[in-house]
Amino acid sequence: MSEDVRVEVGLGERAYDILIGPGLVARAGAEIGRRLPGIRAAIVTDENVAQRHLEMLKTGLDRGGIASSTIVLPAGEKTKSFAALQEVVDGVLAARLERGDAVIAFGGGVIGDLAGFAAGIVRRGMNFVQMPTSLLAQVDSSVGGKTGINSARGKNLIGVFHQPKLVLADTAVLDTLPIREFRAGYAEVAKYGLIDRPDFFAWLEANWQEVFAGGPARIEAIAQSCRAKADVVARDEFETGDRALLNLGHTFGHALEAAVAYDGARLVHGEGVAIGMALAHRFSARMNLASPDDAARVEAHLKAVGLPWRMADVPGGLPDADALLSFIAQDKKVSRGALTFILTRGIGQSFIARDVPVSEVLAFLKENHPG
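Position numbers for residues start from 1 in each chain and track the written sequence from start to end. A pLDDT threshold of at least 70 governs which residues receive local features in this predicted model, and a stricter bar of 80 or more applies before side-chain atom pairs are shown or counted, although totals over entire chains, interfaces and linings include all residues. Hydrogens and water molecules were not included; the side-chain quantities draw on all heavy atoms of the structure.

Going by the annotation in an unreviewed UniProt entry, the name recorded for the protein chain is 3-dehydroquinate synthase, with Aquamicrobium terrae given as the source organism. UniProt positions are given in the numbering used here, feature names are shortened, and annotations may be inferred rather than shown by experiment. Note on the protein chain: under the UniProt heading Function (unreviewed entry), the record states "Catalyzes the conversion of 3-deoxy-D-arabino-heptulosonate 7-phosphate (DAHP) to dehydroquinate (DHQ)."

Peer 1: Whenever I open this one, the UniProt feature "binding site: NAD(+)" (unreviewed entry) in the protein chain confuses me. Can you help?
Peer 2: Look at the UniProt record and you will see "binding site: NAD(+)" (unreviewed entry) annotated at Gly109, Val110, Ile111, Gly112, Asp113, Thr133, Ser134, Lys146 and Lys155. Those annotated residues from the list above that line the largest cavity are Lys155. Counting from the N terminus, the helices are DSSP H or I runs at least four residues long and the strands are E runs at least two residues long. Inspection of the secondary structure puts Ile111 in helix α4 (residues 109-121). Apart from residues lying up to four places away in sequence, Ile111 is in contact with Val44, Thr45, Asp46, Leu73, Ala105, Phe106 and Gly116. Only protein chains enter the accessibility calculation, which uses a 1.4 Å probe; a residue is then buried when its area is under 20% of its type maximum, exposed when over 50%, and partly exposed in between. Residue classification places Lys146 among the partly exposed positions, given a relative accessible area of 27%. Cavity means a closed set of points on a 1 Å grid over the protein atoms alone, one where a 1.4 Å probe fits but cannot get out, pocket means an open set with protein on both sides within 12 Å along at least 5 of 7 lines, and lining means a residue has an atom within 4 Å of a point. Should any heavy atoms of two residues lie within 4.5 Å, those residues are considered in contact.

Peer 1: Mind showing me how you'd approach α4 here?
Peer 2: By this rule, a helix spans an expected 1.5 Å times one less than how many residues it contains. Relative to the 18 Å expected for 13 residues at 1.5 Å per residue, α4 spans 18 Å between its end C-alpha atoms, a close match to the ideal helical length. Most of α4 is tucked away, with 12 of its 13 residues classed as buried. Within the sequence span of α4, burial applies to Gly109, Val110, Ile111, Gly112, Asp113, Leu114, Ala115, Gly116, Phe117, Ala118, Ala119 and Gly120. Phi turns positive one or two residues past the end of α4, at Arg123, with a value near 50°.

Peer 1: Just checking my understanding: could you explain the domain arrangement of the protein chain for this structure?
Peer 2: Interface size is often expressed as the accessible area that is lost when the parts come together. As assigned here, the protein chain comprises domain 1 (5-176) and domain 2 (178-371). The domain boundaries here were taken from an automatic or database domain assignment. For domain 1 and domain 2, the distance between their C-alpha centroids amounts to 25 Å. Each partner contributes to the interface: domain 1 provides 34 residues, whereas domain 2 provides 33 residues. A simple way to read buried area is as the amount of 1.4 Å-probe accessible surface that goes missing from two parts once joined, with both sides added. In total, domain 1 and domain 2 occlude about 2,900 Å² of area from one another, counting both sides; carbon and sulfur atoms represent 65% of this.

Peer 1: Even after reading the chapter, I still don't get the side chain of Asp101, so can you show me in this structure?
Peer 2: Looking at the secondary structure, you find Asp101 in the loop between α3 (82-94) and β5 (102-107). Its relative accessible area of 8% is what places Asp101 among the buried residues. In terms of polar contacts, Asp101 uses its side chain to reach the backbone amide nitrogen of Arg40, at 3.0 Å. Polar contacts, as counted here, are pairs of nitrogen or oxygen atoms within 3.5 Å of one another; within protein the pair requires one atom able to donate a hydrogen and one able to accept it, and residues that are adjacent in sequence qualify only if both atoms are side-chain atoms. A distance of 2.8 Å separates a polar atom in the side chain of Asp101 from the backbone nitrogen of Glu98. Contact partners of Asp101, with chain neighbours within four places excluded, come to Ile39, Arg40, Met126 and Asn127.

Peer 1: I would appreciate a short explanation of empty space enclosed by the protein in the present structure.
Peer 2: If a probe the size of a water molecule is rolled over the atoms, the empty space left behind becomes visible. Grid points are joined across faces, edges and corners, and a volume is the space filled by probe spheres set on the points. For the structure on display, the rule yields 3 cavities of 30 Å³ or more. Quantified by volume, the largest cavity comes out at close to 70 Å³. Surrounding the largest cavity, Arg153, Gly154, Lys155, Leu157, Thr251, His254, Ala255, Ala258, Tyr262, Phe327, Gln330 and Asp331 form its lining. Contributing elements (two or more residues each) for the lining of the largest cavity: β8 (154-158), α9 (250-259) and α12 (321-330). The element best represented in the lining of the largest cavity is α9, accounting for 4 residues. Basically, the charged four are Asp, Glu, Lys and Arg, the nonpolar ten are Ala, Val, Leu, Ile, Met, Phe, Trp, Tyr, Cys and Pro, and anything else, Gly included, counts as polar. Taken together, the residues of the lining of the largest cavity break down into 5 nonpolar, 4 polar and 3 charged. Taken domain by domain, the makeup of the lining of the largest cavity includes at least three residues from each of domain 1 (5-176) and domain 2 (178-371).

Peer 1: Can you help me understand the packing of aromatic side chains in this one?
Peer 2: For any pair of aromatic rings, the description rests on two quantities: the centre-to-centre distance and the angle between the ring planes. Between the rings of Phe, Tyr and Trp (Trp by its six-membered ring), a pair exists once the centres lie within 6.5 Å; its type follows the angle of the planes, with under 30 degrees stacked, over 60 edge-to-face, and the other angles tilted. Applying the stated criterion across every chain, the model contains 10 aromatic pairs. Here the aromatic rings of Tyr186 and Phe212 are separated by 5.3 Å at their centres, their planes lie at 55°, and the arrangement is tilted. Of this pair, Tyr186 sits in helix α6 (residues 179-196) while Phe212 sits in helix α7 (residues 198-213), placing them 26 residues apart in sequence. There is no split in this pair, since Tyr186 and Phe212 are both buried. Between Phe252 and Phe341 the ring centres are 5.1 Å apart and the planes differ by 45°, which places this aromatic pair in the tilted class. Taken as a pair, Phe252 in helix α9 and Phe341 in strand β10 (residues 339-344) lie far apart in primary sequence, 89 residues in all. Like Phe341, Phe252 is buried. Among the aromatic residues, those joined into a cluster by ring pairs are Phe182, Tyr186, Trp208 and Phe212. Lying across the ring of Tyr192, Lys191 places its NZ or CZ 5.1 Å from the centre. Its guanidinium or amino end placed over the ring of Phe351, Arg345 lies 3.8 Å from that ring's centre, counting from NZ or CZ. Charge-over-ring placement is defined geometrically: NZ (Lys) or CZ (Arg) within 6 Å of the ring centre, and within 35 degrees of the ring normal.

The structure is reproduced here in structure tokens:
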């Protein structure tokens, strides 16, 4: 009946499936009910997703015998806040859901992070199902159990690890995604190739147009990305080692997001990651770790798909290099005051670089600052 691709996240007794394919929203009740029989659920979503897809999900849950209530929030990064967290928690409690019931995150990365955090703390931990509706969430934030909200002092600084019981990645809902959001998600797809899968990056260079067009290449790209992330999560669930490699591009990217005060009109997360990955490769070349040719290849691919790849691509200007450095220093990849970056020795050869000299980072930011 289904064309789903199944990827398992291997965490022993807490292992769970990622199902990837078209039509999963309509079949959600059957898939969730098979794994969590007899539950009730709270759907957490945003206004945009609710308008397009909520009725289909509620119908699918009803068909599977799952009674549901709904919490609809504003769309955008600013929803990852204490105020929205309180609204979700209150909504779950008002629906009289018990620990054995489920919170369903139905949206992009913002909704997944927020709803997952709420599921992790309400009644000391409820069941949680991820139903990511953006490409970025399907390949990255919905997998691995990292949840959280932002602080005025930085992104994702408040949260818990709370693994879902199931991830349902309906590839058909991506057809309604604005092209800018699809591109932003694609940055995370490219990231998996740049971390340690050079053959996958080369495949993307050859096939990215088919990934954007939809069909088998899109499902393949999402499945490859989920396998890559699942492998890392199974090895290092709580980010004490290798999992930090998934932050390639994120230290620079998070600093740029903070610098524009998380204004999605100027820069969304995937765009920050795209610029961050280009900067990480350029910085690695500056440190004589990698060839400038590799940095140029990364930049060329990001540019080809329509992603920003340099700081000058952020509209509205940026604070000076010293201010950007202070955002980097606040980022959670800092340990005991030393700067930690994910750098590279070439395409698909990323590694964790600890004790990166602050002076080198500052000089690099000044060289690459558009001002």
